[in-house]
Amino acid sequence: MGSLPARYLVFFQYFGTKYSGVMHTSNDQSVVGVQNYLEKAAQNLKPIVPIKFHISSRTDTGVHALCNSAHFDIQREPGKPAFNEKELLYGLNYHLRSEPIRILNVYRVANSFHARFSALSRTYIYRLLMGCTHYSQMPVFERDLCWAPAGRSLNVSAMQDAARFLLGTHDFSTFRSLNSETPLRSPVRTILQVDIQPSPGFLSHHYEHRRLEFWELKFRGRSFLYRQVRRMVGALVAVGQGKLTPRHIKELLEIKDPRAFPPNAMAPPSGLFLKSVEY
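On a predicted model such as this, the values are computed, not experimentally measured, just so you know. (Residues numbered from 1 in each chain as written. Predicted model: local features only at pLDDT ≥ 70, side-chain atom pairs only at ≥ 80, totals over all residues. Heavy atoms only, no water.)

## Looking at the environment of P47
The line we're drawing: Only DSSP runs of H or I covering at least 4 residues are called helices, and only runs of E covering at least 2 are called strands; the numbering of each starts at the N terminus. Residues are treated as being in contact if the distance between any of their heavy atoms lies within 4.5 Å.
Residue placement: P47 occurs in the loop between α1 (34-43) and β2 (54-55). Along the backbone, P47 and P5 are 42 residues apart, and their C-alpha atoms lie at a distance of 9.5 Å. Those residues in contact with P47 that sit more than four places away from it in its chain are A42, I74 and Q75.

## Here's the deal with a nonpolar patch on the surface
Put simply, the rule is: Residues forming no salt bridge and having over 30% relative accessible area are the ones grouped into patches, like charges within 9 Å of each other and nonpolar side chains (Val, Leu, Ile, Met, Phe, Trp, Tyr) within 5 Å. For the accessible areas, the method is Shrake-Rupley and the probe is 1.4 Å, while residue cover comes only from the protein chains on display. What makes a salt bridge here is a side-chain nitrogen of Lys or Arg within 4 Å of a carboxyl oxygen of Asp or Glu, nothing more.
Where nonpolar side chains cluster on the molecular surface, the patch consists of V140, F141, F202 and L203 and spans about 400 Å² of accessible area. Inspection of the secondary structure assignment puts F202 in the loop between β7 (188-198) and β8 (213-221).

## Focus on helix α3 (residues 156-163)
To be explicit about the condition: Throughout this description, buried means an accessible area under 20% of the type-specific maximum (1.4 Å probe, protein chains only), exposed means over 50%, and partly exposed covers the range between. As used here, the arc is the angular range of directions from the helix axis to the C-beta atoms. Here a polar contact is taken to be a pair of N or O atoms separated by no more than 3.5 Å, where protein atoms must pair a possible hydrogen donor with a possible acceptor and residues adjacent in sequence count only if both atoms sit in side chains.
Taken together, the buried positions of α3 are V156, A158, M159, A162 and A163. Viewed along the axis of α3, the buried residues span an arc of 155°, placing them on a single side of the element. In this structure, the buried residues of α3 make contact with β7, β8, α4 (228-240) and α5 (246-255). Backbone nitrogen of S157 and a side-chain oxygen of the N-cap are separated by 3.4 Å at the start of α3; the cap is N155.

## Observations concerning the UniProt feature "binding site: substrate" (unreviewed entry) in the protein chain
Our working rule: UniProt positions are given in the numbering used here, feature names are shortened, and annotations may be inferred rather than shown by experiment.
UniProt annotation of "binding site: substrate" (unreviewed entry) refers to Y124 when read in the numbering used here. Mapped onto the secondary structure, Y124 falls in strand β5 (residues 121-130). Take Y124: its relative accessible area is 8%, and that puts it in the buried class.

## Let's talk about the packing of α3 against α4
We apply this condition: An axis is simply a line fitted to the C-alpha atoms; with a helix, the fit covers only the stretch in contact. Between two such axes, the angle follows the N-to-C directions and lies from 0 to 180 degrees. Roughly parallel here means an angle under 35 degrees, roughly antiparallel means over 145, roughly perpendicular means 65 to 115, and every remaining angle is called oblique. Crossings are sorted by hand: turned counterclockwise from the far helix by less than a right angle, the near helix makes the crossing left-handed, and turned clockwise it makes it right-handed. Residues were grouped as follows: Ala, Val, Leu, Ile, Met, Phe, Trp, Tyr, Cys and Pro as nonpolar; Asp, Glu, Lys and Arg as charged; and all remaining residues, including Gly, as polar.
It is the contact of α3 with α4, at a shortest axis distance of 8 Å, that shows an interaxial angle of 135°. Judged by the angle between their axes, α3 and α4 are oblique. In the crossing of α3 with α4, the sense of the turn from one axis to the other is right-handed. Of the residues in α4, those touching α3 at A158, M159, A162 and A163 are L236, V237, V239 and G240. Classifying every residue of the contact of α3 with α4 by side-chain character gives 7 nonpolar, 1 polar and no charged.

## Comments concerning the domain arrangement of the protein chain
What counts, and what does not: Annotation comment: domain bounds sourced from an automatic or database domain assignment. Here's the idea: put two parts together, see how much 1.4 Å probe accessible area each one loses, and the total over both is what we call buried area.
Per the domain assignment, the segments making up the protein chain are domain 1 (6-108) and domain 2 (121-278). The centre of domain 1, based on its C-alpha atoms, is set 28 Å off from the matching centre of domain 2. Between domain 1 and domain 2, the residue contacts involve 17 residues of the former and 17 residues of the latter. Of the roughly 1300 Å² buried between domain 1 and domain 2, counting both surfaces, carbon and sulfur atoms make up 55%. Ranking the residues of domain 1 by area buried against domain 2 places D60, H64 and L66 at the top, with a combined share of 36%. At the surface where domain 1 touches domain 2, the tally comes to 2 salt bridges.

In structure tokens form, the structure reads like this:
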């Protein structure tokens, strides 16, 4: 009989371009999930029982995380004490060193804690780059880290007017993509915050003459539906481009039908970052 398992909460970040998303996938796939690498690193801690990460927030292929979170249990051999937090931080990062994945913090938590269900809110940001008339004009340092929609600029004031319709509790059926979980999950979600702000680009002060504009859209809520943030971003950008009016956002909410979402308007995954999970 081994010692009792100890539960830990970890915060981690990753550059999502090379992964199939954060969730575990079959190891025989050519591209696998971030969770596969986390669990492979954790097995080097020599637990009695294989370690499973319980991820707080799912992200899709190509989506990044400045800070995601997960909990896991470690059961050690009899007589061996529980790992302290710093040992886990350094040990996991050592075994992840070849991957663009980093453990940021580790905390010992109660065995009743759950990384997904204990979360109070989640914050996503989406990065936009304006001023590129062709994709080849995007700075190489921003590749896979933002979306450069067509056009020189956006009507940000109209986007902010449209964003107000997303705030509060609504049926977001029109703003979710359909998947196998759709029949099982309520489409009602609460958006606590939507902000649209100018943002610095990476090393952009070195090419100010190009007059590129970076913007960040921030969304905070308890939880989000499948691809909800990318669809909200795409609709707001369409408003900024004059393809939709702010009132159209209200109408899309009221229709409550994913098929009513404008075709090809969903933002690509590359500009999306999970910024934080709050407890």
